[in-house]
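What the coordinates show
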Amino acid sequence: MEARMKNVANPDLITAIQHLQKAIHAGGVDPLVLELVHLRASQINGCSPCVFAGVQTAKKHGETEERLHNVVAWREAPFFTEEERAALALTEAATRIQDGAPGVTDEIWDAAADHFDEKQMSAIILNIALTNFFNRINHTIREPAGKTW
């Protein structure tokens, strides 16, 4: 598969994304939790370049193969903490917003809020939104996994 475009981003967009990334990582959330969130949203959206990049980045942060292979089935896998489960549930609910989906219910929100303070919740929500942003761009331009970033 070949990408339809070589570069979607202009310098102003790249700067804006860098500022968002800085804000996300300043939110006090464990980088591995952020990587799990990124990976799960990308799996849901079928974004192969983001899944590829998410796995690579998570490995650099020390994530194990066992856990990475089970993110897709996190509810049934024994490898995730309650904090990670709350972040993954929030990720799924915020990503799956198609017609008729319940979205982020009070139960999902409250479970996440039990583990993360407001600054951390903000970072996770921004991470989910930015991941969905990248997923949609990659789908539109047909970006292949492993070719660029």
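Before any of the text, the structure's been laid out above.
Anyway, here's the lowdown on the structure attached to this text. Computed from a predicted model, the values in this text were never measured in an experiment.

**Thoughts on the packing of helix H2 (residues 31–45) against helix H3 (residues 48–60)**
Here H2 crosses H3 at 160°, and the two axes come no closer than 9 Å. One way to sum up the angle between H2 and H3 is to call them roughly antiparallel. With respect to the hand of their crossing, H2 and H3 are arranged in left-handed fashion. Every residue of H3 that contacts H2 at Leu 32, Glu 35, His 38, Leu 39, Ser 42 and Gln 43 is listed here: Cys 50, Val 51, Gly 54, Val 55, Thr 57 and Ala 58. Grouping the amino acids of the contact of H2 with H3 by side-chain chemistry returns 6 nonpolar, 5 polar and 1 charged.

**Here's the deal with a negative patch on the surface**
A contiguous patch of negative charge, built from Asp 106, Glu 107, Asp 110 and Asp 114, is present on the exposed surface. Its location among the elements puts Asp 110 in helix H6 (residues 106–113).

**So, the pattern of salt bridges**
When charged atoms on two side chains of opposite charge get close, those side chains can pair. Evaluation of the coordinates by the stated rule reveals 6 salt bridges. Here Arg 40 ties to Glu 92 by a salt bridge, and the two come within 2.7 Å at their closest N and O atoms. Within this pair, whereas Arg 40 is found in helix H2, its partner Glu 92 is found in helix H5 (residues 82–95), the two being separated by 52 residues in sequence. The same class applies to Arg 40 as to Glu 92, namely buried. For Glu 92, the salt bridge is made with Arg 96, and the minimal N-O distance between the two is 3.7 Å. What you see here is one network of salt bridges that share partners, running through Arg 40, Arg 75, Glu 92 and Arg 96.

**A look at the environment of Leu 68**
Checked against the element boundaries, Leu 68 lands in helix H4 (residues 65–70). Setting aside anything within four residues of it in sequence, one finds Leu 68 in contact with Leu 39, Val 55, Ala 58, Lys 59 and Glu 63.

**Thoughts on the environment of Ala 129**
Here Ala 129 lies in helix H7 (residues 118–141). Its relative accessible area of 44% is what places Ala 129 among the partly exposed residues. Here the alpha-carbon distance between Ala 129 and Thr 95, two residues 34 residues apart in the chain, equals 8.1 Å.

**With respect to a nonpolar patch on the surface**
Taken together, the side chains of Val 104, Trp 109 and Ile 125 make up a nonpolar region of the molecular surface, amounting to roughly 240 Å² of accessible area. For Trp 109, the location among the structural elements is in helix H6. A relative accessible area of 38% means that Trp 109 is categorised as partly exposed.

**Brief notes about the state of the cysteines**
The tally for this structure, following the rule as stated, stands at 0 disulfides. Considering cysteine sulfurs only, Cys 47 is the nearest to Cys 50, which forms no disulfide, with 3.5 Å between them.

**With respect to the nonpolar core**
If you look at the biggest cluster of nonpolar residues, it comprises 15 residues, and the most contacted ones within it are Val 29, Val 33, Val 37, Leu 90, Phe 116 and Ile 124. Elements with a minimum of two residues in this core: H2, H5 and H7. Per element, the largest residue contribution to this core is 5 residues, and it comes from H7. In this structure Phe 116 touches Val 29, Val 33, Glu 83, Ala 87, Met 121 and Ile 124, once residues within four positions along its chain are discounted. One finds Leu 36, Val 55, Trp 74 and Phe 80 within the second-largest nonpolar core, a separate group that totals 11 residues.

Calculation notes
- Positions within a chain are numbered from 1, following the residues in the order the chain's sequence is written.
- With pLDDT at 70 or above as the cut-off, local features in this predicted model cover only qualifying residues; side-chain atom pairs require 80 or more to be listed or tallied, and sums for whole chains, interfaces and linings still use all residues.
- Values reported for side chains reflect all heavy atoms of the structure, with hydrogen atoms and water molecules removed beforehand.
- For helices, the axis comes from a line fit to the C-alpha atoms of the stretch in contact; other axes are also lines fit to C-alpha atoms, and the angle between any two N-to-C directions lies between 0 and 180 degrees.
- A run of H or I in DSSP counts as a helix once it spans at least four residues, and a run of E counts as a strand once it spans at least two, with each numbered from the N terminus.
- In what follows, roughly perpendicular refers to angles from 65 to 115 degrees, roughly parallel to angles under 35, roughly antiparallel to angles over 145, and oblique to any angle outside these ranges.
- Here a crossing is taken to be left-handed if its near helix is turned anticlockwise relative to the far helix by less than a right angle, and right-handed if that turn runs clockwise.
- For this analysis, residues touch if any pair of their heavy atoms sits within 4.5 Å.
- For this classification, Asp, Glu, Lys and Arg are treated as charged, while Ala, Val, Leu, Ile, Met, Phe, Trp, Tyr, Cys and Pro are nonpolar and the rest, including Gly, are polar.
- Exposure above 30% relative accessible area and the lack of any salt bridge qualify a residue for a patch; like charges then connect within 9 Å, and the nonpolar side chains Val, Leu, Ile, Met, Phe, Trp and Tyr within 5 Å.
- Every accessible area reported is derived by Shrake-Rupley at a probe size of 1.4 Å, with residue values counting cover from the shown protein chains alone.
- Within this document, salt bridges are pairs made up of a side-chain nitrogen of Lys or Arg and a carboxyl oxygen of Asp or Glu, the two lying within 4 Å of each other.
- Only four residue types enter the tally: Lys and Arg on the positive side, Asp and Glu on the negative side, with His and both chain ends excluded.
- A single reference atom marks each charge: NZ on Lys, CZ on Arg, CG on Asp, CD on Glu.
- Relative accessibility decides the category of a residue: with a 1.4 Å probe and only protein chains considered, values under 20% of the type maximum give buried, values over 50% give exposed, and everything between is partly exposed.
- The disulfide definition used here is simple: a pair of cysteine sulfur atoms within 2.5 Å.
- Throughout, nonpolar core names a set of buried Ala, Val, Leu, Ile, Met, Phe, Trp, Tyr and Cys residues whose side chains join them through atoms within 4.5 Å.

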